[in-house]
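Structural characterization, general
The primary structure of each chain is shown beneath.
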Amino acid sequence: MVFRKPPDGGWGWVIVVVCFFTQFLCYGSPLAVGVLYLEWLDAFGEGKGKTAWVGSLANGIGLLASPVCSICVSSFGARAVAIFSGFMVAGGLMMSSFAPNIYFLYISYGIVVGLGCGLLYTATVTITCQYFDKRRGLALGLISTGSSLGLFIYAALQKELIDLYGLDGCLLIVGALSLNILACGSLMRPLESPDSPPAEKTSVDKVLDQYFVYHGKEKTVEENISILEKGYIDGKCVNNMPDSKQDSVLNKNILININERDTYKKKVVEQTNFCKQLAKRKWQLYLNYWEETAVLFKNKVFSALFVAILLFDIGGFPPSLLMEDVARSANMNEDDYHVPLISIIGIMTAVGKLTLGILADFKWVNTLYLYVSTLLMTGVALFAIPFAKSYLTLAMLSGILGFLTGNWSIFPYVTTKTVGIDKLTHAYGILMFFAGLGNSLGPPIVGWFYDWTQEYDTAFYFSGFCVLLGGFLLLLAALPCWNACTSQSSKLPPNTYSYKVASTA
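Residues numbered from 1 in each chain as written. Predicted model: local features only at pLDDT ≥ 70, side-chain atom pairs only at ≥ 80, totals over all residues. Heavy atoms only, no water.

A closer look at the overall build of the protein
- In terms of helices and strands, the protein carries 19 helices and 0 strands.
- Counting all 505 residues of the protein, 49% fall into the buried class.
- Relative to all contacts within the protein whose residues are 6 or more apart in sequence, the contacts with residues 24 or more apart total 84%.
- Accessible surface, the protein as shown: approximately 24100 Å² in total, 65% of it carbon and sulfur. (Helix = DSSP H or I, 4+ residues; strand = E, 2+ residues; numbered from the N terminus. Buried < 20%, exposed > 50% of the residue type's maximum accessible area, 1.4 Å probe, protein only. Contact = heavy atoms within 4.5 Å. Areas by Shrake-Rupley, 256 points an atom, 1.4 Å probe, with all protein chains shown as cover.)

Given below as structure tokens:
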């Protein structure tokens, strides 16, 4: 598939709008699952760690399947994937309303909804990067605020729906709202060049074409039998003909039989060759994938990124799921609850994504160091949570954590500048796999810490340590890199970012 140069505008702004609403609709409920988490604790009576698996799976399974999601988007396009995933998200939410136990929720809410969200996230990020180059940071920041705004609105919406219609009615209504993803996905027009000449076919493709030509021309077994029967009847009729006419008819029948036999042999050869070439092609694609993966991990920055994103999601994701339970476990006065803590995290995440996305477009800003600084500050904020003894303090920390979690908007930007736009889908799929692993493990680990110690302090000390460790490792991997990149910048492939300190920094 041949793509035009990114227009940095035009229909690209329509793409930004529909991707914004897509992330709003699909991630609103999974990110605001902390409201549902309290209801599930009361409804099923399971432990905090066991119940936390539902929300962690919903936010992690899609990222774990990112390599598969990337292959789906590359094979079928963002539009088809978005429409299909809309049905998954809506269906999973509606199925969850009939959940008889926590294990059913693992599948309906955790896996089905989570996988649908993962497919939609990969589709929206990929098509946005295709439409934007110079304004990519702004575009990614805008679309990523959709999930944050969804967290802010869905936290209050789901709480209100639960009060009015109960937990089951809430999930049914939220699932029905998710069907609007289908309309958004239909507008994700691929950025293809209509004037570009078709790519030259490989030898394997030519074999496929030849096979289908023979498959269309050749007769079925019944038709071959009828030909033989016709030849037998014609042979009987030949006996009643003159000798000269008999010779011509016999010669004609012999030629027909010879041609049929040769064609059949040719068809068998083509079919055999087709199977061999197809198997060889699939095996070669498999080898190429792992060779490209090995090349990616030779990049120090990329190797550190996957460690940092894993540790960041283990430690940084639990507050958005468990902050409401943290406040309830501290026996805070409910009269002080002016705004849900999850809503504060959501709105500040939207502000952080937009602000950091705009900063990433400035030439004097080193995006890698900007990302590292958000990791280090997140670790410090997590260490401060055990010292928060009032709603106001928790609200302030929730706002800080929400703003810093907005670094998700610049993570695709950092990945693109690290490996290039051509390898974005491959590299981003790998990184999101490790992000999903962290999302899946983080909340259950924090919940288990509470089940063992009956307090959250130890859990958040552990979370803060994980995030700080990931930030320091990424910083150490990048510091020796920018000197080498300065001297070898001319040898870098196109679209690859040179991580050197900006002169004005």
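What about the side chain of Ser 178?
- With respect to the helices and strands, Ser 178 occurs in helix H7 (residues 136–178).
- We classify Ser 178 as buried; its relative accessible area is 0%.
- Excluding residues within four positions of it along the chain, Ser 178 makes contact with Leu 25, Gly 86, Val 89, Ala 90 and Leu 93.

Digging into the nonpolar core
- Core analysis: the biggest nonpolar cluster contains 127 residues, and Leu 36, Tyr 109, Tyr 371, Met 432 and Leu 474 have the highest contact counts within it.
- When residues in this core are grouped by element, the largest group, 14 residues, is from helix H6 (residues 102–131).
- Leave out the neighbours within four places in its chain, and Met 432 touches Leu 63, Leu 64, Ser 66, Tyr 121, Trp 408 and Phe 411. (Core = buried A, V, L, I, M, F, W, Y, C linked by side-chain atoms within 4.5 Å.)

Considering a negative patch on the surface
- A surface patch of like charges, here negative, comprises Glu 39, Asp 42, Glu 160 and Asp 163.
- The set of elements that each furnish at least two residues to the negative patch consists of helix H2 (33–44) and H7.
- If you trace the backbone, Glu 39 turns up in helix H2.
- Judged by relative accessible area, Glu 39 falls into the partly exposed class, the value being 31%. (Patch = residues over 30% accessible without salt bridge, like charges linked within 9 Å, V, L, I, M, F, W, Y side chains within 5 Å. Salt bridge = Lys/Arg side-chain N within 4 Å of Asp/Glu carboxyl O. Lys, Arg positive; Asp, Glu negative; His and termini not counted. Charge placed at Lys NZ, Arg CZ, Asp CG, Glu CD.)

With respect to the packing of helix H1 (residues 11–31) against H7
- At a minimum axis separation of 5 Å, H1 and H7 run at an interaxial angle of 40°. Between H1 and H7, the angle is such that the two are oblique. You can see that H1 and H7 cross each other, and the crossing is right-handed. (Axes fitted to C-alpha atoms, helices over the stretch in contact; angles between N-to-C directions. Parallel < 35°, antiparallel > 145°, perpendicular 65-115°, else oblique. Left-handed = near helix turned anticlockwise from the far one by under 90°.)

Remarks on the environment of Leu 120
- Locating Leu 120 in the fold gives a position in helix H6.
- In the structure, Leu 120 is positioned 39 residues away from Val 81 in sequence and 7.1 Å away in space, judged by C-alpha atoms.
- Every residue in contact with Leu 120, bar those within four places of it in the chain, is listed here: Thr 22, Cys 26, Ala 82, Ser 85, Val 89 and Ile 181.

Notes on the packing of aromatic side chains
- This structure, assessed with the given rule, holds 14 aromatic pairs.
- Its end group placed over the ring of Trp 11, Arg 189 keeps NZ or CZ at 4.2 Å from the ring centre. (Phe/Tyr/Trp six-rings, centres within 6.5 Å; stacked < 30°, edge-to-face > 60°. Lys NZ or Arg CZ within 6 Å of the ring centre and 35° of its normal.)

Structural notes on a nonpolar patch on the surface
- Nonpolar side chains collect at one region of the surface, where Phe 465, Leu 469, Leu 473, Leu 476 and Leu 479 lie side by side and expose about 450 Å² of accessible area between them.
- Looking at where Leu 469 falls in the secondary structure, it is placed in helix H19 (residues 457–487).

Some details on the confidence of the model for the protein
- Averaged over every residue, the pLDDT of the protein is 76; residues scoring 70 or more account for 73%.
- Taking the mean pLDDT of every element in the protein, the minimum, 44, falls on helix H9 (residues 203–217) and the maximum, 93, on helix H5 (residues 78–96).
- Contacts for the low-pLDDT stretch residues 231–238, under 50 throughout, to residues beyond four places or in other chains number 4 contacts.
- Note that residues 481–505 has pLDDT below 50 and, in this model, 34 contacts with residues that lie over four places away or in other chains. (pLDDT = per-residue confidence, 0-100.)

Side note on empty space enclosed by the protein
- Within this structure, the stated rule accounts for 3 cavities of 30 Å³ or more.
- Counting only elements with at least two residues in the lining of the largest cavity, the list comes to H1, helix H3 (48–64), H7, helix H12 (300–316), helix H13 (318–329), helix H14 (341–360) and helix H16 (391–405).
- Of the residues forming the lining of the largest cavity, the biggest block, 4 residues, is contributed by H7.
- A per-class count over the lining of the largest cavity returns 11 nonpolar, 12 polar and 2 charged. (1 Å grid on protein atoms, 1.4 Å probe; cavity = no way out; pocket = protein on both sides within 12 Å on 5 of 7 lines; lining within 4 Å. Points joined across faces, edges and corners; volume = space filled by probe spheres on them. Nonpolar A, V, L, I, M, F, W, Y, C, P; charged D, E, K, R; others polar.)

Points about H13
- With 10 of 12 residues buried, H13 lies mostly within the body of the structure.
- Within H13, burial applies to Pro 318, Pro 319, Ser 320, Leu 321, Leu 322, Met 323, Glu 324, Asp 325, Val 326 and Ala 327.

Some thoughts on the state of the cysteines
- All told, the structure shown has 0 disulfides when counted by the stated rule.
- Cys 117 takes part in no disulfide bond, and the closest cysteine sulfur, belonging to Cys 26, lies 4.3 Å away.
- Look at Cys 117 and you get buried, because its relative accessible area is 0%. (Disulfide = S-S within 2.5 Å.)

Re the environment of Ile 102
- Looking at the element boundaries, Ile 102 is found in helix H6.
- By relative accessible area, Ile 102 is classed as buried at 1%.
- In sequence terms Ile 102 and Glu 46 are 56 residues apart; their C-alpha atoms lie 8.0 Å from each other.
- Apart from residues lying up to four places away in sequence, Ile 102 is in contact with Phe 44, Glu 46, Lys 50, Thr 51 and Val 54.

Structural notes on the environment of Met 88
- Among the secondary structure elements, Met 88 is positioned in helix H5.
- Given a relative accessible area of 16%, Met 88 falls into the buried group.
- For the pair Met 88 and Cys 26, spaced 62 residues apart in the sequence, the C-alpha separation amounts to 10.0 Å.
- If near-sequence neighbours (up to four positions away) are discounted, Met 88 is found in contact with Val 112, Leu 115, Gly 116 and Leu 119.

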